[in-house]
Amino acid sequence: EGMALPQRIVFPPEEICMDWQQRQRPGAGLCNLGSTCYINVILQCLTYTPPLANYLLSRDHSQLCHRQGFCMMCIMEAHVRKVLRSSANVIWPRAVVRDLKFIGEEFEPDMAGDAFEFLCCALEAMQRASLSGSSDVDISSQTTTIIHQIFGGFLKSRVTCLSCKAVSDFYKVFLDVLLKIKAPSSLTTALENFVTPKKLDGKYCLKCSKCEKKATSSKRVTVHRVPKVFTVCLERAADHTGKKISKIVEYPEYLNLRPYMSDTAGEPLLYSLYALVVHSGDTCLDGHFFCYTKASNGLWYKMDDESVDNCGIHAVLRQQAYLLFYAR
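Keep in mind that what you see is a predicted model, and the values were worked out from it rather than measured.

Caption draft 1: Inspection of the packing of helix 2 (residues 50–57) against helix 4 (residues 72–85) at higher detail. Running from amino to carboxyl end, helix 2 crosses helix 4 at an angle of 100°, the nearest separation of the two axes being 9 Å. In terms of orientation, helix 2 and helix 4 fall into the roughly perpendicular class. Across from A53, Y55, L56 and L57 in helix 2, the residues of helix 4 making contact are M73, M76, E77, V80, R81, L84 and R85. Class assignment for the residues of the contact of helix 2 with helix 4 results in eight nonpolar, no polar and three charged.

Caption draft 2: Here's a closer look at the packing of aromatic side chains. Considering all chains together, one arrives at ten aromatic pairs under this definition. Aromatic side chains F290 and Y292 sit 6.0 Å apart centroid to centroid with 65° between the ring planes, which places their arrangement in the edge-to-face category. With respect to class, F290 is no different from Y292; both count as buried. Joined through ring pairs, the aromatic side chains of Y38, F107 and F118 make up one cluster. Lying over the aromatic face of F290, K302 brings its terminal NZ or CZ to 4.7 Å of the ring centre.

Caption draft 3: Spatial organisation of unusual backbone geometry. Located in the positive-phi region is R59, a residue other than glycine, with phi close to 60°. Within the secondary structure, R59 sits in the loop between helix 2 and helix 3 (60–64). For R59, a relative accessible area of 38% puts it in the partly exposed group. Unlike most non-glycine residues, K165 shows phi in positive territory, near 70°.

Caption draft 4: View of helix 4. Compared with the 20 Å implied by 1.5 Å per residue over 14 residues, the 19 Å span of helix 4 between its first and last C-alpha is a close match. All of the buried residues in helix 4 are M72, M73, I75, M76, E77, H79, V80, V83 and L84.

Caption draft 5: Looking closely at the pairing of strand 16 (residues 321–327). Burial analysis of strand 16 places seven of its seven residues in the buried class, which makes it a mostly covered element. In the sheet, strand 10 (residues 229–235) pairs with strand 16 via five bridges, with the strands oriented antiparallel. Bridge assignment links C233 to a residue of strand 16, and that residue is L323. Summarising the sheet, strand 12 (residues 270–280) and strand 16 pair through six bridges and their orientation is antiparallel.

Caption draft 6: Molecular detail of the side chain of T231. Inspection of the secondary structure assignment puts T231 in strand 10. Judged by relative accessible area, which is 2%, T231 ranks as buried. In contact with T231, not counting residues within four places along its chain, are L119, F151, L175, D176, V177, L324 and F325.

Caption draft 7: Inspection of the pattern of salt bridges at higher detail. Considering all chains together, one arrives at four salt bridges under this definition. Ionic pairing is found between D99 and R98, a salt bridge with its closest N-O pair at 3.1 Å. Assessed through its relative accessible area of 10%, D99 is described here as buried. With its nearest N and O atoms 3.6 Å apart, the salt bridge here joins K180 to E235. You can see K180 sitting in strand 5 (residues 177–180) and its partner E235 sitting in strand 10, a full 55 residues away along the chain. If you follow the salt bridges from partner to partner, you end up with K156, R158 and D169 in one network.

Caption draft 8: Region of the structure containing the environment of S132. Take S132: it is sitting in the loop between helix 7 (115–131) and helix 8 (139–142). With relative accessibility at 29%, the residue S132 sits in the partly exposed group. Linking S132 and C71, residues 61 residues apart in sequence, is a C-alpha distance of 9.2 Å. Side-chain polar atoms of S132 contact the backbone oxygen of A129, separated by 3.1 Å.

Caption draft 9: Local environment of the sheet that holds strand 6 (residues 198–200). On the basis of which strands lie adjacent, the open sheet formed by four strands has the order 4-3-9-6 and antiparallel pairing. Each edge of the open sheet carries a strand with a single partner, namely strand 4 (167–174) and strand 6. Strand-to-strand twist in this sheet, taken as the mean axis angle between neighbours without regard to direction, amounts to 30°. Across eight bridges, strand 3 (residues 153–161) lies against strand 4 in antiparallel orientation. The residue of strand 4 that forms the bridge with F154 is V173. Across the sheet, helix 10 (residues 187–195) is in contact with strand 3, strand 6 and strand 9 (217–225); its angle to strand 9 comes to roughly 125°.

Rules and cut-offs
Residues numbered from 1 in each chain as written. Predicted model: local features only at pLDDT ≥ 70, side-chain atom pairs only at ≥ 80, totals over all residues. Heavy atoms only, no water. Axes fitted to C-alpha atoms, helices over the stretch in contact; angles between N-to-C directions. Helix = DSSP H or I, 4+ residues; strand = E, 2+ residues; numbered from the N terminus. Parallel < 35°, antiparallel > 145°, perpendicular 65-115°, else oblique. Contact = heavy atoms within 4.5 Å. Nonpolar A, V, L, I, M, F, W, Y, C, P; charged D, E, K, R; others polar. Phe/Tyr/Trp six-rings, centres within 6.5 Å; stacked < 30°, edge-to-face > 60°. Buried < 20%, exposed > 50% of the residue type's maximum accessible area, 1.4 Å probe, protein only. Lys NZ or Arg CZ within 6 Å of the ring centre and 35° of its normal. Expected span 1.5 Å × (residues − 1). Pairing = 2+ DSSP bridges. Salt bridge = Lys/Arg side-chain N within 4 Å of Asp/Glu carboxyl O. Polar contact = N/O pair within 3.5 Å; in protein donor to acceptor, adjacent residues only side chain to side chain.

Below you can see the structure in the form of structure tokens.
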């Protein structure tokens, strides 16, 4: 539907298992190696993403990997095995910190960083690793890797010319959604705002293909194809100075994505919260990150670097959340 079909499927979606293969208590906490809390929270949230953990624990990637040097998939495979399979209470994520510059050029081992930026770079590095050994993969086929099969969806932008009513549709792959929270007090309101049509006029005017001139138009973005894991960042940076929006934004344990789809008719598309990242601190440029994750035993835990403590869903739902992870 307006999107090119992939020439080949890199990873078959039917091989993805959304449920934990075995139930166990949570794994190890992660040692802070000096300003690395932003790395630790993302490693923990990815470790407790069931379809990703199942794939990494199967060792499917490393058995076939021929990459020399840095491979984010091999690093994550070793990390997840160590966290979930060893009896240690705390482990040192040394391999990730050692290869930080390959994950993202902006990261320095002894400098604070942003958890959302690290998540984006880590997924991008895993995506590159999933494609290594596959030369000349067309753009559409690149959206069929294990990373895109888990985290990837499609957004549709519908631009309507307000003078001639011509409609143009554009599709874009996404691995996460960034939501503005200045006005909204809940995740559902922020999602409603996200899919509300925006007027494009003045310097934002687009050239209409039918009128053949710049015209005022309306643009509406909707979720066109849902991911298996829906990742949301609540944009807490008020501006470029690092000022922070510290308000509490309500978010549900179960989320229905159907109202935000291109096609709102049909069955509910239900998602369950399984991890979230919290930033504590007065500005976005300093402070501390910790997270909450749901282990394979179905219980919630607060993970703050080395410490892993049992907690209830009520505590989980009362946080000043920064990143939210929902599984289909």
